[in-house]
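Fold and geometry: a report
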Amino acid sequence: KQWYQRRVRGMFVELQLSANLVNIESFGAEGDDFRWYLKIKCSNCGEIPDHFVYVAKDEESDVKGGRGSANLVAKCKMCGRENSMSIVDGSLKPYSNDRGQFCSVVKFECRGMEPVDFSPRTGWVATAEDSGASFTEVDLAEKEWCDYDEDEDREVGIYELKSQFKITKS
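1. Observations regarding the overall build of the protein chain
Broken down by element type, the protein chain carries 0 helices and 14 strands. Listing each helix as α and each strand as β along the protein chain from the N terminus yields β-β-β-β-β-β-β-β-β-β-β-β-β-β. Expressed as lengths along the three principal axes of its C-alpha atoms, the size of the protein chain is roughly 70 × 40 × 25 Å. For the protein chain, with 170 residues in total, the buried portion stands at 39%. Excluding contacts between residues fewer than 6 apart, the proportion of contacts in the protein chain whose partners are at least 24 apart in sequence is 59%. Within the structure as shown, the protein chain displays about 10,000 Å² of accessible surface, and the carbon and sulfur contribution to it stands at 42%. Treating the 23 positive side-chain charges of the protein chain as one cloud and the 31 negative ones as another, the clouds have centres 17 Å apart.

Structural data, given as structure tokens:
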């Protein structure tokens, strides 16, 4: 007999951002330790906890029943179901649209849960237009950020940050 291990596939959800960039070429998350703060909804019972949880590529937990591992494993407090989420390899992209359109910055594979809200917080990296100056530890908790590019002698900023989720096939 041959035994085949079937991988349970979940749904894929992309986090899309929109922002008004002032003298900024791009901004994005950097490193596998970046924490994506999300509010999640249980797909089984619809429960949405009041608090944000985070998922980070460099953290893995075993999924119950020997079904592999995931970057986030959480048990629903309402129905008791264990759900999981992972960041899809190679899905991380910087935001670089200066027209304020929504663009995908990361993709999650969700099993039994889906994100419903995003809190940007800190740890972003922004690159200035023209000078290429790098700004690290950009804090977007207030959904805007500004600084000064000394090389170009001008203001730089990220304003009107918005987020949405898009369900994709893969």
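2. Here we look at the sheet that holds strand S14 (residues 154-168)
The strand order S7-S8-S9-S1-S14-S13 describes an open sheet built from 6 strands, whose pairing is antiparallel. Strands with a single pairing partner mark the edges of an open sheet, and in this sheet they are strand S7 (72-75) and strand S13 (145-149). Looking at each pair of strands side by side, their axes are set apart by 25 degrees on average, direction ignored. In this structure, strand S8 (residues 82-87) lies alongside strand S9 (residues 103-111), joined through 4 bridges in antiparallel fashion. Considered in S9, the bridge of Ile87 is made with Phe108.

3. Re the sheet that holds strand S11 (residues 124-128)
If you walk across this open sheet you meet the 3 strands as S2-S11-S12, and the pairing is antiparallel. Of all the strands in the sheet, just strand S2 (24-29) and strand S12 (134-138) have a single pairing partner and so form its edges. If you compare each strand with its neighbour and ignore which way they point, the axes differ by 20 degrees on average. Sheet topology note: the S2/S11 ladder contains 5 bridges and is antiparallel. Each bridged residue has a counterpart across the sheet, and for Ser26 the counterpart in S11 is Thr127.

4. Some thoughts on the nonpolar core
If you look at the biggest cluster of nonpolar residues, it comprises 35 residues, and the most contacted ones within it are Phe27, Trp36, Phe108 and Trp124. Among the elements that make up this core, the one with the highest residue count is strand S1 (residues 11-22) (5 residues). Once you skip the residues sitting within four places of it in the chain, Trp124 turns out to touch Leu17, Phe27, Gly28, Ala29, Phe34, Trp36, Phe118, Phe135, Thr136, Glu137, Val138 and Leu140.

5. Here we look at the environment of Gly28
Among the structural elements, Gly28 can be located in strand S2. Gly28 has contacts with Pro94, Trp124 and Val125, leaving out every residue within four places of it along the chain.

6. Description of the confidence of the model for the protein chain
Mean pLDDT for the protein chain: 93, with 94% of residues reaching 70 or above. Here residues 1-8 is a poorly scored stretch, pLDDT under 50, and it has 5 contacts once near neighbours within four places are set aside; other chains count.

7. Some details on the pairing of S1
Taken residue by residue, a regular strand's side chains alternate between the two faces of the sheet. S1 sits mainly inside the fold: 9 of its 12 residues count as buried. Of the pairings in the sheet, the one linking S1 to S9 comprises 7 bridges and is antiparallel in character. Within S9, the position partnered with Gln16 by the bridge is Ser104. Bridge analysis of S1 against S14 gives 10 bridges, and the strand direction is antiparallel. Within S14, the position partnered with Asn20 by the bridge is Tyr159.

8. Observations regarding the pairing of S8
Among the 6 residues in S8, 5 count as buried, and that is most of the element. Judged from the 4 bridges that link them, S7 and S8 form a sheet pairing that is antiparallel. Following the sheet pairing, Ala74 is matched in S8 by Asn83.

How each quantity is defined
- Residues numbered from 1 in each chain as written.
- Predicted model: local features only at pLDDT ≥ 70, side-chain atom pairs only at ≥ 80, totals over all residues.
- Heavy atoms only, no water.
- Helix = DSSP H or I, 4+ residues; strand = E, 2+ residues; numbered from the N terminus.
- Buried < 20%, exposed > 50% of the residue type's maximum accessible area, 1.4 Å probe, protein only.
- Contact = heavy atoms within 4.5 Å.
- Areas by Shrake-Rupley, 256 points an atom, 1.4 Å probe, with all protein chains shown as cover.
- Lys, Arg positive; Asp, Glu negative; His and termini not counted.
- Charge placed at Lys NZ, Arg CZ, Asp CG, Glu CD.
- Pairing = 2+ DSSP bridges.
- Axes fitted to C-alpha atoms, helices over the stretch in contact; angles between N-to-C directions.
- Core = buried A, V, L, I, M, F, W, Y, C linked by side-chain atoms within 4.5 Å.
- pLDDT = per-residue confidence, 0-100.

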